[in-house]
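One letter stands for each residue in the lines below.
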Amino acid sequence: MRLTARAQDRADLSPQDRATMLTLMRRCYEGVDAGAFARALEAKSRVVVVRAPGGDLVGFSTLAVFDFLDSGAPARAIFSGDTVIAPEAWGSPAFAFAWVREAARIARLAPTPLYWLLIVKGHRTFRFLPAFTRRFAPHWEDEDARLLALRDDLARVRFGARYDAARGVLRPGPSRERLTAALAEPSAREAARIDVRFFLARNPGWREGEELVCLCPLAPDNLRPTTLRLFEAA
């Protein structure tokens, strides 16, 4: 299946797009509340939308950008919200490439350092971090204390009491939204990967909908070669 993906303003989503997004969420996640989904969507400014050849929406990721102070200096972060790709659309690079191009567009809007704040329910999403970047927190090889502290500061402000700083995870909300068992469980091959093993160990409550809170710098010297080429070409 040849997919296309692009970023657009959240306000430009059609009613059909919004309905399809909710349906896709409920297909892949348990405990999805329509009202909570709509409120979370309205809090985002941009959406990366993935479409099949006929135009059907088969995946999306919502984004918000916020400003903060890092040791007194201005900085920004991209916060990734709901993200889901229909299983039949897995394997295409369209979504990843579109997300990187959108991050590059955001980076060009201001000279301040840019970070990626990502909350992760499943191991497949966590794998985007080592695929895109070299250094992020938490990490199985190099625990960057400063980056972890900044992650904790941002998570406390953004998520309040739901954030468990001692474990670095976000407790589930009232609906206990979580991936369906069929999508959440890693295969034997996936479970042998070091990044997957790390995610499962660091976030043992993933089956109950707990999310590992991650942070990484979106700076040129921290990007993998393919990501850097997309950044520079965007």
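Preceding this section is the structure that the text describes.
Throughout, a residue's number is its position along its own chain's written sequence, starting from 1. Only residues with pLDDT of at least 70 are given local features in this predicted model, and only at 80 or more are side-chain atom pairs given and counted; all residues enter the totals for whole chains, interfaces and linings. To get the side-chain values, take all heavy atoms of the structure and skip hydrogens and water.

Notes on the pairing of strand β10 (residues 211–217)
Consideration 1: Of all 7 residues that make up β10, 7 are buried, and the element is covered over most of its length.
Consideration 2: We call a residue buried when its accessible area falls under 20% of the maximum for its residue type, exposed when it is over 50%, and partly exposed in between, using a 1.4 Å probe and counting protein chains only. Comment: elements are numbered from the N terminus, with helices defined as DSSP H or I runs of at least four residues and strands as E runs of at least two. Residues of β10 alternate between two faces, with E211, V213, L215 and P217 on one and L212, C214 and C216 on the opposite face, all of them buried.
Consideration 3: The sheet contact formed by strand β6 (residues 114–120) and β10 spans 6 bridges and is antiparallel. Note that in β10 the partner of L118 across the bridge is C214.
Consideration 4: Alignment of strand β8 (residues 169–170) against β10, held across 2 bridges, turns out to be antiparallel. Paired with L170 across the bridge in β10 is E211. Note: two strands are recorded as paired if DSSP finds a minimum of 2 bridges between them.

Here we look at the packing of helix α1 (residues 15–28) against helix α2 (residues 34–42)
Consideration 1: Axes here refer to lines fitted to C-alpha atoms; in helices the fit is confined to the stretch in contact. Angles between the N-to-C directions go from 0 to 180 degrees. Where α1 meets α2, the axes come as close as 11 Å, and the angle between the chain directions of the two elements is 120°. Taken together, the axis directions place α1 and α2 in an arrangement best described as oblique. Regarding α1 and α2, the two cross each other, and that crossing is right-handed. Along its contact with α1, which presents R18, M21, L22, M25 and R26, the element α2 presents A34, F37, L41 and E42.
Consideration 2: Taken together, the residues of the contact of α1 with α2 break down into 6 nonpolar, no polar and 3 charged. If an angle is under 35 degrees, it is roughly parallel; if it is over 145, roughly antiparallel; if it lies from 65 to 115, roughly perpendicular; otherwise it is oblique. Handedness of each helix crossing follows the sense of rotation of the near helix against the far helix: counterclockwise by less than a right angle gives left-handed, clockwise gives right-handed. The contact definition used throughout considers only heavy atoms, calling two residues in contact when any of these lie within 4.5 Å. Asp, Glu, Lys and Arg are counted as charged, while Ala, Val, Leu, Ile, Met, Phe, Trp, Tyr, Cys and Pro are counted as nonpolar; the rest, among them Gly, fall into the polar class.

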